[in-house]
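Commentary on secondary and tertiary structure
Below are the chains, spelled out letter by letter.
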Amino acid sequence: MAEPFATGVGVLDRSVAILDCVESNPMGTSDLARALGLTVSTAHRLATALVAHGLLRRDAAGCFHLGPRFATSALAETAQPVLAELCAETGESAQLWVRRADRRLCVVSIESAEELRASQPVGSLLPLPRGSAAQVLLGEQNPDGRGWVESVEDRAPGVGSVSAPVRLHGDTVAAVCLSAPTQRLQPSPGQCFGSQVVAAAARIEAALRS
């Protein structure tokens, strides 16, 4: 296998070689193994691990592509003005969350101007599965068929939220979340702001596809 930038750390070098390979030409496991001089089992093991970490994704035909982690910067830049408008429209704090293994990471945060508010700073890393954003990132859906998921005091007392998925290539890559003190979310977070959160997520999706 050719490794023009080999570091001597074999697993890392092979993993980066896989990323370089699919960046220019998405392909399946057998083609990866053949292109890089790996056994099929090794190519499958490494590619599957890269999928688990969001560095690769696999389409319906079994071909590997660069994964959602490579879109995080563009995603955050795209979402920033959309969440600012969502915050201005609703008066409540808005965040964009992405999944990182068994946790979720806040990559955009717009704080409410209210003195009493619910917010998380950029860089916050919270465990799954508590909170509506976590539920969205885990693939949970509203049983009534609505595009949002809500939570009330699931992660913290006195705080509620409603979230909607941002999808790219059919996969959920982020969650738009609006959070606020429960006293301002009556009768429920979803009934108050679910449609606005879903609309914001749809705007981000459309911008990413354009």
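Please read all numbers here as calculations on a predicted model, not as lab measurements. (Residues numbered from 1 in each chain as written. Predicted model: local features only at pLDDT ≥ 70, side-chain atom pairs only at ≥ 80, totals over all residues. Heavy atoms only, no water.)

**Quick look at the packing of helix 1 (residues 10-24) against helix 3 (residues 40-52)**
Our working definition: Each axis is a line fitted through C-alpha atoms, taken for helices only over the stretch in contact, and angles between the N-to-C directions span 0 to 180 degrees. In this text, helices come from DSSP runs of H or I with a minimum length of four residues, and strands from runs of E with a minimum of two, each type numbered from the N-terminal end. Any angle from 65 to 115 degrees is called roughly perpendicular, while one under 35 is roughly parallel, one over 145 is roughly antiparallel, and all others are oblique. Contact between two residues is taken to exist if any of their heavy atoms lie within 4.5 Å; hydrogens are not considered. Each residue gets one of three labels, nonpolar for Ala, Val, Leu, Ile, Met, Phe, Trp, Tyr, Cys and Pro, charged for Asp, Glu, Lys and Arg, and polar for the others, Gly among them.
Close contact between helix 1 and helix 3 brings their axes to 10 Å; oriented N to C, the two are set at 80°. As summarised for this structure, helix 1 and helix 3 are arranged roughly perpendicular, according to the angle between their axes. Touching Val11, Arg14, Ser15, Ile18 and Leu19 of helix 1 are Thr42, Ala43, Leu46, Ala47 and Leu50, all from helix 3. Of the residues that constitute the contact of helix 1 with helix 3, the class distribution is 7 nonpolar, 2 polar and 1 charged.

**Things to note about the sheet that holds strand 5 (residues 125-127)**
Filter applied, for reference: Whether two strands pair comes down to DSSP finding at least two bridges between them.
Ordered by their spatial adjacency, 6 strands build an open sheet running 5-4-3-8-7-6, and the pairing between neighbours is antiparallel. Strand pairing shows two members of the sheet lacking a second neighbour, strand 5 and strand 6 (149-152), which therefore form its edges. With strand direction ignored, the average angle separating the axes of adjacent strands in the sheet is 30°. Here 5 bridges tie strand 3 (residues 93-100) to strand 8 (residues 171-181), and the two strands are oriented antiparallel to one another. When the bridges of strand 8 are listed, Trp97 appears paired with Ala175. The strands touched by helix 4 (residues 72-90) are strand 3, strand 4 (103-110), strand 7 (159-168) and strand 8; relative to strand 4, the strand with the most contacts, the crossing angle is about 55°.

**Some details on the domain arrangement of the protein**
Quick reminder of the rule: Domain boundaries shown here were taken from an automatic or database domain assignment.
Under the domain assignment used here, the protein contains domain 1 (10-66) and domain 2 (70-208). The centre of domain 1, based on its C-alpha atoms, is set 31 Å off from the matching centre of domain 2.

**Structural notes on the state of the cysteines**
Note the threshold: Two cysteine sulfur atoms form a disulfide, by the criterion used here, when they sit within 2.5 Å.
Within the structure shown, the criterion is met by 0 disulfides. No disulfide involves Cys106; its sulfur sits 8.8 Å from that of Cys177, the nearest cysteine.

**Here's the deal with the UniProt feature "domain: HTH iclR-type" (unreviewed entry) in the protein**
Selection rule: UniProt positions are given in the numbering used here, feature names are shortened, and annotations may be inferred rather than shown by experiment.
Per the UniProt record, "domain: HTH iclR-type" (unreviewed entry) is found at residues 9-68. Taken end to end, residues 9-68 is 60% helix and 10% strand, and its first and last C-alpha atoms sit 25 Å apart.

**Here we look at a nonpolar patch on the surface**
Basically, it comes down to this: Patches were defined on residues exceeding 30% relative accessible area and lacking a salt bridge, with like-charge contacts within 9 Å and nonpolar side-chain contacts (Val, Leu, Ile, Met, Phe, Trp, Tyr) within 5 Å. Note that accessible areas follow from Shrake-Rupley with a 1.4 Å probe, and for residues the cover is restricted to the protein chains shown. For this analysis, a salt bridge means a side-chain nitrogen from Lys or Arg found within 4 Å of a carboxyl oxygen belonging to Asp or Glu. When accessible area is computed with a 1.4 Å probe and restricted to protein chains, residues below 20% of their type maximum are described as buried, those above 50% as exposed, and intermediate ones as partly exposed.
A cluster of nonpolar side chains, Val9, Leu12 and Val16, forms an exposed patch at the surface whose accessible area comes to about 230 Å². Residue placement: Val16 occurs in helix 1. Exposure remark for Val16: the relative accessible area of 36% places this residue in the partly exposed category.

**Let's talk about helix 3**
Heads up, the rule is: In a helix, the anticipated span is given by 1.5 Å times the number of residues less one. Each C-beta atom gives one direction from the helix axis, and the arc is the one those directions make.
Its 13 residues place the ends of helix 3 18 Å apart at the C-alpha level, agreeing with the 18 Å of an ideal helix rising 1.5 Å per residue. Along helix 3, the positions that sit buried rather than exposed are Thr42, Ala43, Leu46, Ala47 and Leu50. One side of helix 3 carries all its buried residues, which in axial view fall inside an arc of 120°. Of the exposed residues in helix 3, the ones pointing more than 90 degrees away from its buried face are Ser41 and Ala52. Along its buried surface, helix 3 packs onto helix 1, helix 2 (29-36), strand 1 (56-58) and strand 2 (64-66). Where helix 3 terminates, the next one or two residues include Gly54, which has phi positive at roughly 80°.

**Some remarks on the environment of Glu150**
Note the cut-off: Any pair of N or O atoms that falls within 3.5 Å is considered a polar contact. Within protein, one atom must be able to donate a hydrogen and the other to accept it, and sequence-neighbouring residues count only if both atoms are side-chain atoms.
Within the secondary structure layout, Glu150 lies in strand 6. Distance from Glu150 to Ser179, taken between C-alpha atoms, is 9.7 Å for residues 29 residues apart in sequence. In contact with Glu150, other than residues within four places in its own chain, are Ser132, Gln135, Ser161, Val162, Ser188, Pro189, Gly190 and Gln191. Engagement of the side chain of Glu150 in a polar contact is seen with the side chain of Ser188, the distance being 3.1 Å. A distance of 2.7 Å separates a polar side-chain atom of Glu150 from the backbone nitrogen of Gly190.

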